[in-house]
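# Chains, contacts and geometry: an overview
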Amino acid sequence: MDAVLTGEGISVAYHQNIVIPAMDVQIPGGNMTSIIGPNGCGKSTLLKALSRMTPVREGHVFLDGSQIAKMSTVEVAKKMAILPQGPQAPGGLTVKELVSYGRYPHQRGFGRLKKEDHEAVDWALSITDMEELAGRDMDALSGGQRQRAWIAMALAQDTPLILLDEPTTYLDMTHQLEVLELLEDLNKKQKKTIAMVLHDLNLAARFSDWMIAMRSGRVLYKGTPEEIMTKKTLADVFSLDASISRDPWTGKPICLSYKRMDRSVY
Amino acid sequence: MVTVFMILIILLLAGIWLEINAGYRKISPEEMWEILKGGGTKSVRYTLLNLRLPRIFTSLLVGMGLAVSGCVIQGVSRNDMAEPGILGINAGAGLFVAAFLVLVPQSSVSLTVLLPVLAFAGSMAVAVLDYRLARTGQGISPRRLLLMGVAVSTAVSSVTTILMLRLPDSDYAFVQNWLSGSIWGANWQNVRLLFVSLLLLGLFVFYKSRTLNVLSLSYQTAVGLGAAVSRQTVILLGAAIAMSGLCCAVGGGLSFVGLVCPHMARRLVGPNYRILVPATVLTGSVLMTYADLISRTLLSPREIPVGIVAAVIGAPYFLYLLIKT
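Procedures and definitions
Here, residues in each chain are numbered from 1, in the same order as that chain's written sequence. The order in which chains are written sets their letters, starting at A; the order in which ligands are written sets their numbers, starting at 1. The model is predicted, so local features are restricted to residues of pLDDT at least 70 and side-chain atom pairs to those at 80 or more, both for listing and for counting; the totals for chains, interfaces and linings are taken over all residues. Secondary structure elements follow DSSP: runs of H or I of four or more residues count as helices, runs of E of two or more count as strands, with numbering from the N terminus. Within these notes, the globule rule equals 2.2 Å times the number of residues to the 0.38 power, and the radius of gyration is based on C-alpha atoms. Counts of 20 or more other C-beta atoms within 10 Å of a residue's own C-beta define buried residues, counts of 12 or fewer define exposed ones, and intermediate counts define partly exposed ones; C-beta atoms are placed from the backbone. Residue pairs qualify as contacts under a 7 Å threshold applied to their C-beta atoms, which are placed from the backbone. Only the contacting stretch of a helix is used when fitting its axis, a line to C-alpha atoms as for every element, and angles between N-to-C directions run 0 to 180 degrees. Whether a crossing is left-handed or right-handed is set by the direction in which the near helix is turned from the far one by less than a right angle, anticlockwise for left-handed and clockwise for right-handed. Throughout this entry, Asp, Glu, Lys and Arg are counted as charged residues, while Ala, Val, Leu, Ile, Met, Phe, Trp, Tyr, Cys and Pro are counted as nonpolar. The remaining residues, Gly among them, count as polar. Think of it this way: DSSP has to see at least two bridges between two strands before they count as a pair. For a helix, the expected span equals 1.5 Å multiplied by the number of residues minus one. Note on definitions: a nonpolar core is a set of buried residues drawn from Ala, Val, Leu, Ile, Met, Phe, Trp, Tyr and Cys, linked by C-beta atoms within 7 Å. UniProt positions are given in the numbering used here, feature names are shortened, and annotations may be inferred rather than shown by experiment. With its strands directed away from the observer, a crossover is right-handed exactly when the path from the first strand over the helix to the second travels clockwise.

In terms of helices and strands, chain A carries nine helices and twelve strands. For chain A, whose C-alpha radius of gyration is 19 Å, the value lies close to the compact-globule estimate of 18 Å for 266 residues. Relative to its 266 residues, chain A shows a buried fraction of 45%. A separation of at least 24 residues holds for 63% of the contacts in chain A among residues at least 6 apart in sequence.

What follows is the structure in structure tokens.
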């Protein structure tokens, strides 16, 4: 599988603090990829660097083979949508208005919505099952609905690649599943490439085709969930002693229980 | 939505009519029609065309410009507390005016022409200073700009106060009045200048409304959607500062209008800039028209600084909107 988004020797630093030193990374096209790792390992920073939110100090990011720094930002926005962590909408904004903002890179001039814009917005609302809530205020939505609205905005942007930074934060188990199943549908049925930072290992293993495991600003392991969800990997990445089993329903590897390396369970 | 706009327009027209009739000489609709057709007695013509109408249009335009300016600054900085005054636009104008009166005590030159120019130059000088101080290697952060603005504004105001202590009483009162916001120098020349420049800047802001929408989400979302955030921020702030500088030049240090009118509009029509900008034009001009009306009539023939009136009538309504929604 060809990579649609690659970082070649990228390093990222905040002031004097080097968060990512010279990293090579590939996001494979057509897949669902999860980036995992402990807090502060630089996974969100990596996502920001790949999406031009944060400048890279060295190295280059390539999107579809073109160097991202040399592309116009509108051109990038037509190929790659980004959902940051915990996005905020101004008070009083309706779902439909927010979703229509996703058409920004396709619009010109005063920004009156054209026929294809309306079609894209309606399509995004229907795929995310938000049609009935289209007229609601964003403030009046539950956490899960709000996240679906933001995903709908990214969909209206009509890009083959979508990056998400912890799309399931602050959601309960059911709504975490709902969001990830929506992303899975987008990947399988709409052929979107999806890359996201995820905290929950078992959900990452269940929904991803490819996993990237980071620690201290480096990619320690990458591979299929089968390859990543091993005792050794989790020990190296999270310093966890994990008991790995198999999900009886999905057949995917799961982490059944875990403890910190230097402690007993009791 | 349409109702909100209709009500605001009716309020505005009613306010204009009341203002036309505010004063010693009342003007009936028939008389007004006569005058507009070119008739009427000389004295009434003079009262309406040379005194009242320029004054009405000046206050209306000032309100509109400050409101739209505040609306842009709040959106770009994603800060509800932001307004042109926070950047030191008024303070800069005040400093230049006070400094001029100290340095050139004998007003040999016509103040009506010179003062707006001085005030505008002061506003722009402070804006440029803010920008230079706030700029870093990564471009301009609106948050940093606001903080710099607060600091610069405070420093500049202090210098103005020191200068004012050296002024004779009448000049002191003049500057004090000016700093509180009062429409003066209301003549057709200023109205024309203000109208054309605010119209152009206002249309530009309206043209940029979809960018303002995207910028008001968050930095990361705006970048992700393909907005050239740094460049657009500078351009839009520049337009907003120019608008408020022009308004400050003829309206003095009106701070409350730029803060509150965008919020009023937002509560009435929501945060979508395509609708919000026109609504802000109306809330700004309505508030200033009525504030000017009251400032001229309440203690007639003395005038209360219109900035103070705007705050007195705007604050309760603003509080009501905040509590209600």
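Looking only at helices and strands, chain B has 14 helices and two strands in total. Relative to the globule expectation of 20 Å for 325 residues, the C-alpha radius of gyration of chain B, 20 Å, shows essentially globular dimensions. Along the first, second and third principal axes, the C-alpha atoms of chain B reach 65 × 55 × 35 Å. Across the 325 residues of chain B, 51% fall into the buried class. Contacts in chain B between residues at least 24 apart in sequence constitute 78% of all its contacts with a sequence separation of at least 6.

It is worth spelling out the packing of helix α13 (residues 273-297) of chain B against helix α14 (residues 306-324) of chain B at this point. Residues and elements named next belong to chain B. It is at 8 Å that the axes of α13 and α14 come closest, and there the two elements cross at 115 degrees. For α13 against α14, the interelement crossing comes out right-handed. Counting all contacts with α13, which are made through Leu287, Met288, Tyr290, Ala291, Asp292, Ile294 and Ser295, the residues of α14 involved are Val306, Val309, Ala310, Ile313 and Gly314. Considering only residue class, the contact of α13 with α14 consists of nine nonpolar, two polar and one charged.

This part takes up the interface of chain A and chain B. Accessible area lost when the parts come together is the quantity often used to give the size of an interface. Facing 26 residues of chain A, the contacting portion of chain B comprises 21 residues. Of all the secondary structure elements, the ones that give two or more residues to the side of chain A that touches chain B are α2 (73-79), β6 (80-83) and α3 (95-101) of chain A. For the side of chain A that touches chain B, the element with the most residues is α2 of chain A, which contributes four residues.

All names here are of chain A. Taken together, the six strands give an open sheet; going across it, the order is β6-β7-β8-β3-β9-β10, and neighbouring strands pair in mixed fashion. What marks the edges here is a single partner per strand, and that holds for β6 and β10 (218-223). In this sheet, adjacent strand axes meet at a mean angle of 15 degrees when their direction is disregarded. Note that β6 and strand β7 (residues 161-165) share four bridges and pair parallel. Counterpart to Met80 in the pairing with β7 is Leu161.

Let's shift gears to α13 of chain B. Compared with an ideal rise of 1.5 Å per residue, which puts 25 residues at 36 Å, α13 of chain B spans 35 Å between its outermost C-alpha atoms and is within 8% of the ideal. Within α13 of chain B, 20 of the 25 residues are buried, leaving the element largely enclosed by the surrounding structure.

Time to look at the nonpolar core. Within the largest apolar cluster, 172 residues are counted, with the highest numbers of intra-cluster contacts made by Val99, Ala152 and Leu163 of chain A together with Val97, Val257 and Ala310 of chain B. No other element matches the 13 residues that helix α3 (residues 42-77) of chain B contributes to this core. Beyond its immediate sequence surroundings of up to four residues, Val97 of chain B is in contact with Leu115, Leu118, Ala119, Gly122, Val175 and Trp178 of chain B.

The next point concerns the environment of Pro253 of chain A. Residues and elements named next belong to chain A. Tracing the sequence through the fold places Pro253 in strand β12 (residues 253-260). For the pair formed by Pro253 and Ala195, sequence separation is 58 residues and the distance between their alpha carbons is 20 Å. Leaving out residues up to four positions away in the same chain, Pro253 has contacts with Ala205, Pro225, Glu226, Met229, Ile244 and Arg246.

The next thing to look at is the UniProt feature "domain: ABC transporter" (unreviewed entry) in chain A. Per the UniProt entry, the sites bearing "domain: ABC transporter" (unreviewed entry) are residues 5-241 of chain A in this numbering. Along residues 5-241 of chain A the backbone is 35% helical and 27% strand, and the end-to-end C-alpha distance reaches 33 Å.

Okay, the sheet that holds strand β4 (residues 58-63) of chain A next. All names here are of chain A. With antiparallel pairing, the four strands of this open sheet are ordered in space as β2-β1-β4-β5. With partners counted over all chains shown, the strands left at the sheet margins are β2 (17-28) and β5 (66-67), one partner each. In the sheet, strand β1 (residues 3-14) pairs with β2 via eight bridges, with the strands oriented antiparallel. Within β2, the residue paired with Leu5 across the bridge is Ile27. Across the sheet, helix α1 (residues 43-50) touches β1, β2 and β4, and the angle it forms with β1 is around 115 degrees.

What follows covers the pairing of β7 of chain A. Residues and elements named next belong to chain A. Among the five residues of β7, five are classified as buried, and the element is accordingly described as predominantly covered. Because side chains alternate across β7, one face comprises the buried residues Leu161, Leu163 and Asp165, and the other comprises Ile162 and Leu164, equally buried. Strand direction decides the pairing type here: β7 and strand β8 (residues 193-197), joined by five bridges, are parallel. When the sheet's bridge partners are listed, Leu161 is paired in β8 with Thr193. Note that the unit made of β7, helix α6 (residues 173-188) and β8 has a crossover that is right-handed.

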